Amino acid sequence: MSFLGEVLNTVKEVFDVARSTATGMSITLSQIPKAKKTVSYPEQPVEIFQRFRGEHMLTRNADGKENCVSCFLCAAACPADAIYIEGAEDPRPYAERATADHRYAKIYRIDYGRCILCGYCTEACPTDAIKHGHNFEWAVYTPGEMVKDKEYLLKNFERDKDLHIILK
Ligand code: SF4
Ligand code: SF4
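What counts and how
Residues numbered from 1 in each chain as written. Chains lettered and ligands numbered in written order. Predicted model: local features only at pLDDT ≥ 70, side-chain atom pairs only at ≥ 80, totals over all residues. Heavy atoms only, no water. Near = heavy atom within 4 Å. Nonpolar A, V, L, I, M, F, W, Y, C, P; charged D, E, K, R; others polar. Buried < 20%, exposed > 50% of the residue type's maximum accessible area, 1.4 Å probe, protein only. Helix = DSSP H or I, 4+ residues; strand = E, 2+ residues; numbered from the N terminus. Arc of directions from axis to C-beta. Contact = heavy atoms within 4.5 Å. Domains from an automatic or database assignment.

This brings us to the site of ligand 2. Taken together, 14 residues sit near ligand 2, with Cys-68, Cys-71, Phe-72, Cys-74 and Cys-125 positioned nearest. Of the residues that constitute the shell around ligand 2, the class distribution is 12 nonpolar, 2 polar and no charged.

In structure tokens:
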């Protein structure tokens, strides 16, 4: 490349950098006059979008029966291998069972040390048994505490209504 070509390239690069810097700064400066959304968390609730993918919950139907039929589709869809299920059968009539179907999950665990909150499990579930709740307050001290069992996930279905959040 000729000397003149190199000079022109350098000038073009300087111009591009200046233009992108100006674009970035204009966005930054345009935010300064706008109203600030500072929340005194945890005293004040934070705003969470309805579709926020928080900690999962295992749902129940209108009769209070567990919706999970232990089909393993959520575990198969999980790219992080975070879901562990053991299925079982309860041949008793509907009224006597704790579950909507005679097939149910005896063990259902999610390892949040692996989960990437992608939502694939919820999309794969044919009975809407596994859903994302809105809880984001799940800091723990040990890796073992990151594994949440079925009872905990079922309780999340009740707890989700009482979270200290505002749904948008
Ligand atoms: S949200 Fe994604 S990573 Fe987490 S358990 Fe579901 S499928 Fe697996
Ligand atoms: S949560 Fe849904 S997809 Fe997973 S085992 Fe239960 S019914 Fe099947």
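So much for the structure itself; the text now carries on.
For helix α4 (residues 150–159), every residue scored as buried is listed here: Lys-150, Leu-153, Leu-154 and Asn-156. What you see down the axis of α4 is that its buried residues fit within an arc of 145°, all on one side. Of the surrounding secondary structure, the elements contacted by the buried residues of α4 are β2 (56–58), β4 (103–111) and β6 (147–148).

As a further point, take the site of ligand 1. Neighbouring ligand 1 are 13 residues; Cys-78, Cys-115, Cys-118, Gly-119 and Cys-121 lie closest to it. In terms of residue class, the shell around ligand 1 is built from 10 nonpolar, 3 polar and no charged.

Assigned domains within the protein: domain 1 (1–36) and domain 2 (56–167). Domain 1 and domain 2 are separated by 49 Å when their C-alpha centres are compared.

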